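Coordinates in review
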Amino acid sequence: MTTVDQEQRPGPPAPRRRSRRDEILEIAMGLFAARGYHGVSMDDIGSAAGVTGPALYHHFRGKEAMLVAALIPVSENLLHGGKARVAEHPDDAGAALADLIDFHVEFALANPAVIALHLHELDRLPDEPRRQIRRLQRLYVEEWVVVLGQVRPELEAAEARVLAHSAFGLMNSTPFLGGEVDRRRRAALLRDATMHALTGH
């Protein structure tokens, strides 16, 4: 089976020239993750980003808008990237599962602040964007459920869903891991632990 070059594979967004808006958003997400949503003001964000209030509001209407701007694209990228990884292995569910795990581990290691926000701040969003994110998350989970059902046909769909959520909990623990272990080794440990949790080997 031919493989797709790494550069062509969906994954965490490729590096690109960052706009001032991107820089402000990254700073805000780091502050939210470190202090909590309510522990950060627009003035705090402006001070950390080196911009005045009017300049900050030129990019975002407020803190809610920043959360929405960060979390919806992430959920979309996870879904699209997961679908693409699965599609690369139409006849090999084991390889598809390994690729999904690799994809999510790399995402988790690259985006600890975003993961922390998903875990702790999602319910602060207005109803419509929160529902949109939850829907994208459910669709992403189902990609895992389908593949797990093929790898382990003895599982009911609900059981595969429980395992998928447990795997996300394991992989998404990255915001709480210290830096004692280098990134490459952390990725390998997370991949192995997740595969074992899902398949028993």
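Going by what an unreviewed UniProt entry lists, the protein chain is known as TetR/AcrR family transcriptional regulator and is assigned to Paractinoplanes rhizophilus.

1. Here we look at the packing of helix 5 (residues 93-110) against helix 7 (residues 127-151)
Packing of helix 5 against helix 7 leaves a shortest axis separation of 8 Å and a crossing angle of 145°. Regarding helix 5 and helix 7, the two cross each other, and that crossing is left-handed. Two secondary-structure elements touch here, helix 5 through A93, G94, A96, L97, L100, I101, F103 and H104 and helix 7 through Y140, E143, W144, V147, L148, Q150 and V151. Classifying every residue of the contact of helix 5 with helix 7 gives 11 nonpolar, three polar and one charged.

2. Looking at the UniProt feature "DNA-binding region" (unreviewed entry) in the protein chain
As recorded in UniProt, the sites labelled "DNA-binding region" (unreviewed entry) are residues 41-60. Taken as a whole, residues 41-60 contains 75% helix and 0% strand, while its terminal C-alpha atoms sit 13 Å from one another.

3. Structural notes on the packing of aromatic side chains
Going through the model one piece at a time under the given rule, you end up with four aromatic pairs. For the ring pair Y140 and W144, a centre distance of 6.3 Å and an interplane angle of 80° mean the geometry is edge-to-face. Here Y140 and its partner W144 are both found in helix 7, four residues apart, which amounts to about one turn of the helix. Neither Y140 nor W144 differs from the other in exposure class; each is buried. Taking 5.2 Å as the distance between ring centres and 75° as the angle between the ring planes, the aromatic pair formed by W144 and F168 counts as edge-to-face. Of this pair, W144 sits in helix 7 while F168 sits in helix 8 (residues 157-171), placing them 24 residues apart in sequence. By way of ring pairs, the aromatic residues Y140, W144 and F168 are connected into one cluster.

Parameters at a glance
- Residues numbered from 1 in each chain as written.
- Predicted model: local features only at pLDDT ≥ 70, side-chain atom pairs only at ≥ 80, totals over all residues.
- Heavy atoms only, no water.
- Axes fitted to C-alpha atoms, helices over the stretch in contact; angles between N-to-C directions.
- Helix = DSSP H or I, 4+ residues; strand = E, 2+ residues; numbered from the N terminus.
- Left-handed = near helix turned anticlockwise from the far one by under 90°.
- Contact = heavy atoms within 4.5 Å.
- Nonpolar A, V, L, I, M, F, W, Y, C, P; charged D, E, K, R; others polar.
- UniProt positions renumbered as here; feature names shortened; annotations may be inferred.
- Phe/Tyr/Trp six-rings, centres within 6.5 Å; stacked < 30°, edge-to-face > 60°.
- Buried < 20%, exposed > 50% of the residue type's maximum accessible area, 1.4 Å probe, protein only.

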